[in-house]
Amino acid sequence: MNQSILGGIVLIALAVFAWWVISPLSAGTMRAMGPAMMPKMLAALLGLCGLLLVVFGFVKPDARVEGLHLRPAILIPLGLVVFGLTIRPFDLGFVVTPGLGLAVAGPLAMLIGGQASPQSRLLELIPLSLILTAFCIILFGDLLNLAIPVYPQALQDRIPAGWSHHDVLRAIAGAYVVLGALTAIPAFAAARREKAHV
C-alpha cells in the first residue's frame, strides 16, 4: 500500500477518534473558549493533514510501505498514554496515577516519543522538551486560560502568598526556558564535536 495513503488514513482515524472523545465538552466561542475549542481545532487540522496525505498518495503513487518499524510504533503511543495518565490523576481501579500537570507530563511524553527515531539524542531532546513545554504553558494556561493542570497539586501549598495563577505559570515557563537554554549548551557542544570528527 502507498505510504502517504496509509499515513493519511491513520491521521484521519486519529482525528475522528479525538473528535469523538472530546465531543461531550463545550467548545465555547472565540471570546470565551471552552475546554474543547483547542482540541477540536487540532483534531480538525490533523484530519485535514491526513486528507492531504491521501490525495498526495493518489497523485504520486510510487512510495510503498516497506514494513512496520516497531520502535516508533511502540514509543509514540506510549508517550501519548504516559501523558494522558500523568497530566491529571487517573483512577485505573487498582491504582491512581499522580496528577503531575503539564510541567512534568509534557517533557516526559516528549522524551519518550522523541526516542522513536534512531537518530534522536537525549542530550538534544531535553532542551527541546523543556522549551516546547514552556511554550505550551504560556499558550494554553496563560494566554488561552484553559483549565489545564500545569504543576503537581502537591506544590499548591508551596506557592508564595500573593502570587496569582498566571504569575505561577509565567515563573514555571521562564524557569523551563532558562533550563532549556542551559541544557542546550552541551547539546550544541556535542554536535560541534561530531562535525569536527566528520
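In this text the structure is predicted, and so the values were computed from the model without any measurement.

1. As for the overall build of the protein
Counting its regular elements, the protein contains six helices and two strands. Scanning the protein from its N terminus toward the C terminus, one meets helices and strands in the order α-α-α-β-β-α-α-α. Taken over the C-alpha atoms alone, the protein extends approximately 60 × 55 × 40 Å along its principal axes. Split into buried and exposed, the 198 residues of the protein put 28% on the buried side. The contacts of the protein with a sequence gap of at least 6 include a subset with a gap of at least 24, amounting to 64%. A total of about 13000 Å² of accessible surface is found on the protein, and carbon and sulfur atoms cover 73% of it.

2. Notes on the UniProt feature "transmembrane region" (unreviewed entry) in the protein
As recorded in UniProt, the feature "transmembrane region" (unreviewed entry) lies at residues 5-22, 42-59, 68-87, 93-113, 125-148 and 168-191. Helix makes up 100% of residues 42-59 and strand makes up 0%, while its end C-alpha atoms are separated by 26 Å.

3. Considering a nonpolar patch on the surface
Together, Leu 42, Leu 45, Leu 48, Leu 51, Leu 52, Val 55 and Val 59 line one region of the surface with nonpolar side chains, adding up to about 670 Å² of accessible area. Position of Val 59 among the secondary structure elements: in helix α2 (residues 37-59).

4. Side note on the packing of helix α5 (residues 122-143) against helix α6 (residues 165-197)
α6 packs onto α5 with a crossing angle of 160 degrees between their chain directions and a minimal axis gap of 7 Å. Taken together, the axes of α5 and α6 lie roughly antiparallel to each other. Both α5 and α6 take part in a crossing whose hand is left-handed.

5. A word on α5
Compared with an ideal rise of 1.5 Å per residue, which puts 22 residues at 32 Å, α5 spans 30 Å between its outermost C-alpha atoms and is within 8% of the ideal. Of the positions making up α5, those classed as buried are Leu 125, Pro 127, Ser 129, Leu 130, Thr 133, Ala 134, Ile 137, Phe 140, Gly 141 and Asp 142. With its phi angle positive at about 55 degrees, Asn 145 sits one or two positions after the end of α5.

6. Comments concerning the packing of helix α3 (residues 70-87) against helix α4 (residues 102-114)
Packing of α3 against α4 leaves a shortest axis separation of 8 Å and a crossing angle of 170 degrees. One way to sum up the angle between α3 and α4 is to call them roughly antiparallel. Residues Leu 75, Ile 76, Leu 78, Gly 79, Val 82, Phe 83, Thr 86 and Ile 87 of α3 lie in contact with α4, whose contacting residues are Leu 102, Ala 105, Gly 106, Leu 108, Ala 109, Ile 112 and Gly 113. A class-by-class count of the residues in the contact of α3 with α4 yields 11 nonpolar, four polar and no charged.

7. Section: the packing of aromatic side chains
Tallied over the entire structure, the rule returns one aromatic pair. Taken together, a centroid distance of 6.0 Å and an interplanar angle of 40 degrees make the contact between Phe 17 and Trp 20 tilted. With Phe 17 and Trp 20 both in helix α1 (residues 3-22) and three residues apart, the pair spans about one turn of that helix. By the burial criterion, Phe 17 is exposed, and Trp 20 matches it.

8. Points about the state of the cysteines
Following the criterion strictly, the structure yields zero disulfides and no others. Left unpaired, Cys 136 is separated from the closest cysteine sulfur, that of Cys 49, by 17 Å.

9. What to know about the environment of Leu 123
Checked against the element boundaries, Leu 123 lands in helix α5. Remark: the alpha-carbon pair of Leu 123 and Gly 34, spanning 89 residues in sequence, is separated by 37 Å. Ignoring anything within four residues of it in the chain, the contact list for Leu 123 reads Thr 183, Pro 186, Ala 187 and Ala 190.

10. Digging into the nonpolar core
Ala 103, Ile 137, Val 150, Tyr 151, Ile 172 and Tyr 176 are the most contacted members of the largest nonpolar core, which totals 14 residues. Among the elements that line this core, the one with the most residues is α6, at five residues. For Val 150, the contacting residues outside a window of four places in its chain are Leu 100, Gly 101, Leu 102, Ala 103, Ile 137, Leu 169 and Ile 172.

Analysis parameters
- Residues numbered from 1 in each chain as written.
- Predicted model: local features only at pLDDT ≥ 70, side-chain atom pairs only at ≥ 80, totals over all residues.
- Heavy atoms only, no water.
- Helix = DSSP H or I, 4+ residues; strand = E, 2+ residues; numbered from the N terminus.
- Buried < 20%, exposed > 50% of the residue type's maximum accessible area, 1.4 Å probe, protein only.
- Contact = heavy atoms within 4.5 Å.
- Areas by Shrake-Rupley, 256 points an atom, 1.4 Å probe, with all protein chains shown as cover.
- UniProt positions renumbered as here; feature names shortened; annotations may be inferred.
- Patch = residues over 30% accessible without salt bridge, like charges linked within 9 Å, V, L, I, M, F, W, Y side chains within 5 Å.
- Salt bridge = Lys/Arg side-chain N within 4 Å of Asp/Glu carboxyl O.
- Axes fitted to C-alpha atoms, helices over the stretch in contact; angles between N-to-C directions.
- Parallel < 35°, antiparallel > 145°, perpendicular 65-115°, else oblique.
- Left-handed = near helix turned anticlockwise from the far one by under 90°.
- Expected span 1.5 Å × (residues − 1).
- Nonpolar A, V, L, I, M, F, W, Y, C, P; charged D, E, K, R; others polar.
- Phe/Tyr/Trp six-rings, centres within 6.5 Å; stacked < 30°, edge-to-face > 60°.
- Disulfide = S-S within 2.5 Å.
- Core = buried A, V, L, I, M, F, W, Y, C linked by side-chain atoms within 4.5 Å.

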